[in-house]
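Descriptive structure summary
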Amino acid sequence: MENFVYHCPTKIIFGKGTENQVGSEVSKYGKKVLLHYGGGSIKKSGLYDRVLKSLKNEALEIIELGGVQPNPRLSLVKEGIDICRKEKIDIILAVGGGSVIDSAKTIAVGVPYDGDVWDFFIEKAEPEKRIFIGVVLTIPASGSESSDSAVITNEDGMYKKGFNSNLLRPDFAILNPELTFTLPRYQTACGASDIMAHIMERYFTRVRDVELTDRLCEAALKTVINNTPIVLREPENYAARAEIMWTGTIAHNNLLDTGRIGDWASHKIEMEISGLYDLAHGAGLAIIFPAWMKYVYKNDVGRFARFAVRVWDVEPDFYDIEKVALEGIKKLEDFYREIGLPITLKEANIPYDRFEEMARKCTEMGPVGNFIKLNKDDVIRILEMSK
Ligand code: NZQ
Ligand code: ZN
């Protein structure tokens, strides 16, 4: 096991009706709030009205900035920074999914920074301060509600990039599984895929003697695999929605990689796809992850066989562990298909003509991945295998 520091201070408020506590929670951080949200799902579901009522009950001053798109854009972040400075906002309240939360996080670190907020994404600067951040989560997927990262797309070249900092963990996050009842099937499936990817990025490590986190990862994966088909059949099944929602947070708050070194190549490659083609991140991962697995599994067949046996209940075969390993990858692909996700670029209508550009952008800061390091040519091969 590697040395580690685990510091995840986000306060989690979980359960039915908890969004009604948002006003009293926000009031602990100041008097003036920027209410940040996406394209309108919160208005349709009635959540917007409940949040507003709760904020008004505490006599908070509210400024609004809606319109965050999936794969959130830098231009709206900059608009948010200007508003926060002008209005002297104390806290940004993100009501939505990963896109809204990442936009809010980036605004929060951008407000006290003198330079261009994009500097954080290109490793030109590190944030030192931020204003407060609160979250009401509406889709379990990104884990952004307590993660240390933010991912933004810069329209200038459609560069989608993320950066990490412990400052990016929100001050509090309200998680009510009932808020996810309105999710369309496709978004539910994309969320499940992203949660699984966050676990698998950590699971496929070269670090030895990590039994506890191996087993935690396997349990978390099994929880998503068991409950996703249930919520696709019964969107209002609270118990199953709750399992997925809590797993989504645990999957990406770094608990599961304590003492390990995760991989993250699949995420970096996927960002090139969702950045250029505006595909949902979870759908892109369903395409890239199996291709990555097929490309790298020979470097540690035993770990892939363990994944097959422990997570997918593949029959062990000590005389042919490669067959077992490959069966696990196939089970993963079958699962993605079963929940309605594409597993090839063709199925997602992604053209094949920009592999070179994607691989160059993906590796421009150096090789990607830790399970094995991948250079530009490796990335092109993985994209070829995703056709
Ligand atoms: O915009 P609205 O109208 O709200 O609709 C959203 C959006 O169209 C809709 N939606 C969300 N909650 C809903 C709902 N529709 C009905 N009922 C609800 N309860 O779902 C769509 C997708 O929302 P989005 O926020 O884009 O989804 P997600 O949470 O998957 O976030 C994806 C973004 O997060 C980034 C991804 O790259 C992507 O940009 N990630 C962020 C991470 C982080 N900060 O730690 C880690 C991840 O690996 C990921 O990269
Ligand atoms: Zn992800």
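These figures come from a predicted structure and were not determined experimentally. (Residues numbered from 1 in each chain as written. Chains lettered and ligands numbered in written order. Predicted model: local features only at pLDDT ≥ 70, side-chain atom pairs only at ≥ 80, totals over all residues. Heavy atoms only, no water.)

**Some thoughts on the overall build of the protein chain**
Rule in force here: Numbering of helices and strands runs from the N terminus; a helix is a DSSP stretch of H or I covering at least four residues, while a strand is a stretch of E covering at least two. Note on method: radius of gyration uses C-alpha positions; expected globular size equals 2.2 Å times residues raised to 0.38. The rule is simple: take the accessible area with a 1.4 Å probe, protein chains only, and divide by the maximum for that residue type; under 20% is buried, over 50% is exposed, in between is partly exposed. Any two residues whose heavy atoms approach within 4.5 Å at even a single point are treated as in contact. Residue-level accessible areas treat just the shown protein chains as cover; the underlying method is Shrake-Rupley with a 1.4 Å probe. We score Asp and Glu as negative and Lys and Arg as positive, and we do not count His or the chain ends. Think of each charge as sitting on NZ of Lys, CZ of Arg, CG of Asp or CD of Glu.
Looking only at helices and strands, the protein chain has 14 helices and eight strands in total. A compact globule built from 387 residues would reach a C-alpha radius of gyration of about 21 Å, and the protein chain, at 20 Å, matches this within 12%. Reported as C-alpha extents along the three principal axes, the dimensions of the protein chain are approximately 70 × 45 × 45 Å. Across the 387 residues of the protein chain, 60% fall into the buried class. A separation threshold of at least 6 residues defines the contact pool for the protein chain, and within that pool the share at least 24 residues apart is 78%. Accessible area of the protein chain: about 16000 Å², with a carbon and sulfur share of 50%. The averaged location of the 56 negative side-chain charges in the protein chain is 2 Å from the averaged location of its 49 positive side-chain charges.

**Observations regarding the site of ligand 1**
Counted only if it meets this: We call a residue near a molecule or strand as soon as one heavy atom of that residue lies within 4 Å of the molecule or strand. The definition of a polar contact used here is a pair of N or O atoms within 3.5 Å, where within protein one atom must be able to donate a hydrogen and the other to accept one, and adjacent residues in sequence count solely through side-chain atom pairs. For this scheme, ten residues count as nonpolar: Ala, Val, Leu, Ile, Met, Phe, Trp, Tyr, Cys and Pro. Four count as charged, namely Asp, Glu, Lys and Arg, and the remainder, Gly too, count as polar.
Ligand 1 sits among 31 residues. The nearest are Ser41, Gly98, Ser99, Ser147 and His198. Between Ser144 and ligand 1, the recorded distance is 3.2 Å, taken from a side-chain N or O atom to a nitrogen atom. His252 places a polar side-chain atom, nitrogen or oxygen, 3.3 Å from an oxygen atom of ligand 1. Notes on ligand 1: free accessible area 960 Å², of which the protein chains cover 88%. Contributing elements (two or more residues each) for the shell around ligand 1: helix H5 (98-110), strand S6 (149-154) and helix H6 (185-203). Looking at the shell around ligand 1, its residues break down into nine nonpolar, 19 polar and three charged.

**Section: the coordination of the zinc ion (ligand 2)**
Cut-off, in case you're wondering: Note that water is not among the atoms used; donors are N, O and S atoms within 2.8 Å of the metal (3.2 Å for Na, K and Ca), so sites may look incomplete.
Around the zinc ion (ligand 2), the protein supplies Asp194 (OD), His198 (NE2), His267 (NE2) and His281 (NE2) as donor atoms, at distances of 2.0 to 2.2 Å. Spacing between the donor residues of the zinc ion (ligand 2) along the chain follows D-x3-H-x68-H-x13-H. Within this pair, whereas Asp194 is found in helix H6, its partner His267 is found in helix H9 (residues 265-277), the two being separated by 73 residues in sequence.

**A look at the domain arrangement of the protein chain**
A common way to state how big an interface is: give the accessible area lost once the parts meet. What counts is decided by this rule: Where each domain starts and ends comes from a domain assignment, either automatic or drawn from a database. Take the accessible area each of two parts loses on contact, using a 1.4 Å probe, and add the two losses: that sum is the buried area. For salt bridges, the criterion is a side-chain nitrogen of Lys or Arg within 4 Å of an Asp or Glu carboxyl oxygen.
Under the domain assignment used here, the protein chain contains domain 1 (11-179) and domain 2 (183-385). A separation of 26 Å is found between the C-alpha centroids of domain 1 and domain 2. If you look at the interface, domain 1 gives 35 residues, while domain 2 gives 28 residues. Between domain 1 and domain 2, roughly 2500 Å² of surface is buried when both sides are summed, and carbon and sulfur atoms account for 59% of that area. Contact with domain 2 buries surface across domain 1, with Pro140, Lys160 and Pro177 losing the most and accounting together for 23% of the total. Our count for the contact surface shared by domain 1 and domain 2 stands at two salt bridges.

**Considerations on the packing of aromatic side chains**
Put simply, the test is: Note on aromatic contacts: the rings of Phe and Tyr and the six-membered ring of Trp form a pair at centre separations within 6.5 Å, being stacked when their planes are under 30 degrees apart, edge-to-face when over 60 apart, and tilted otherwise. Counting as a charge over the ring demands two things of the Lys NZ or Arg CZ atom: a distance within 6 Å of the ring centre and an angle within 35 degrees of the ring normal.
Taken as a whole, this structure holds 22 aromatic pairs when the rule is applied. Judged by centre distance (5.9 Å) and plane angle (55°), the ring pair of Trp312 and Phe335 falls under tilted. One end of the pair, Trp312, is in helix H11 (residues 301-312); the other, Phe335, is in helix H12 (residues 321-338), and 23 residues separate them in sequence. On the accessibility criterion, Trp312 (9% relative accessible area) is buried. Taken together, the aromatic side chains of Tyr203, Phe204, Phe289, Trp292, Tyr297, Phe304, Phe307, Trp312, Phe335 and Phe371 make up a single cluster linked through ring pairs. The positively charged end of Arg206 is found above the aromatic ring belonging to Phe371, 5.0 Å away from the centroid. In this structure, Lys361 packs its charged tip against the face of Tyr159, placed 4.7 Å from the ring centre.

**Points about the pattern of salt bridges**
Throughout the structure, instances matching the rule amount to 30 salt bridges. Ionic pairing is found between Lys11 and Glu25, a salt bridge with its closest N-O pair at 2.9 Å. Residue Lys11 is located in strand S1 (residues 11-14), and its partner Glu25 is located in helix H1 (residues 22-26); the two are separated by 14 residues in the primary sequence. Residue class for Lys11 comes out partly exposed when judged on its relative accessible area of 37%.

**Some details on the environment of Leu52**
Structurally, the position occupied by Leu52 is in helix H3 (residues 47-57). Sequence separation of Leu52 and Leu35 is 17 residues, and the distance between their C-alpha atoms is 8.9 Å. If sequence neighbours within four positions are ignored, Leu52 has contacts with Leu35, Ile62 and Glu64.

**A few points about the nonpolar core**
Just so we agree on the cut-off: What we call a nonpolar core is a set of buried Ala, Val, Leu, Ile, Met, Phe, Trp, Tyr and Cys residues that are connected through their side-chain atoms within 4.5 Å.
Ranked by internal contacts, the top residues of the largest apolar core, which has 69 residues, are Met200, Trp292, Met293 and Phe304. Beyond its immediate chain neighbours, meaning those up to four positions away, Met293 contacts Met200, Phe204, Phe304, Phe307, Ile329 and Leu332. Grouped together as the second largest cluster of nonpolar side chains are 36 residues, Val68, Val77, Val100 and Phe120 included.

**With respect to the side chain of Glu333**
Along the chain, the position of Glu333 falls in helix H12. Contacts of Glu333, omitting those with residues within four sequence positions, involve Pro290, Lys294 and Ile343.

**A few points about the sheet that holds strand S3 (residues 61-65)**
Think of a sheet as strands paired side by side through backbone hydrogen bonds, with each pair either parallel or antiparallel. Put simply, the test is: At least two bridges found by DSSP between two strands are what make those strands a pair. Interaxial angle, 0 to 180 degrees, is taken between N-to-C directions of lines fitted to C-alpha atoms, where a helix line uses only the stretch in contact.
Strand order across the open sheet formed by six strands is S1-S8-S5-S4-S2-S3, with parallel pairing between neighbours. With one partner strand each, in any of the chains shown, S1 and S3 form the two edges of the open sheet. Averaged over all neighbouring strand pairs, the angle between strand axes comes to 20°, with direction disregarded. In this sheet, strand S5 (residues 132-137) lies alongside strand S4 (residues 91-96) in parallel orientation, the contact comprising six bridges. In the sheet register, Ala94 faces S5, and the bridge partner there is Val135. Strands strand S2 (32-37), S3 and S4 of the sheet are contacted by helix H4 (residues 74-87), whose axis makes an angle of about 160° with S3. On top of the sheet, helix H8 (residues 238-250) reaches S1, S5 and strand S8 (172-175); it is set at about 175° to S1, its chief contact.

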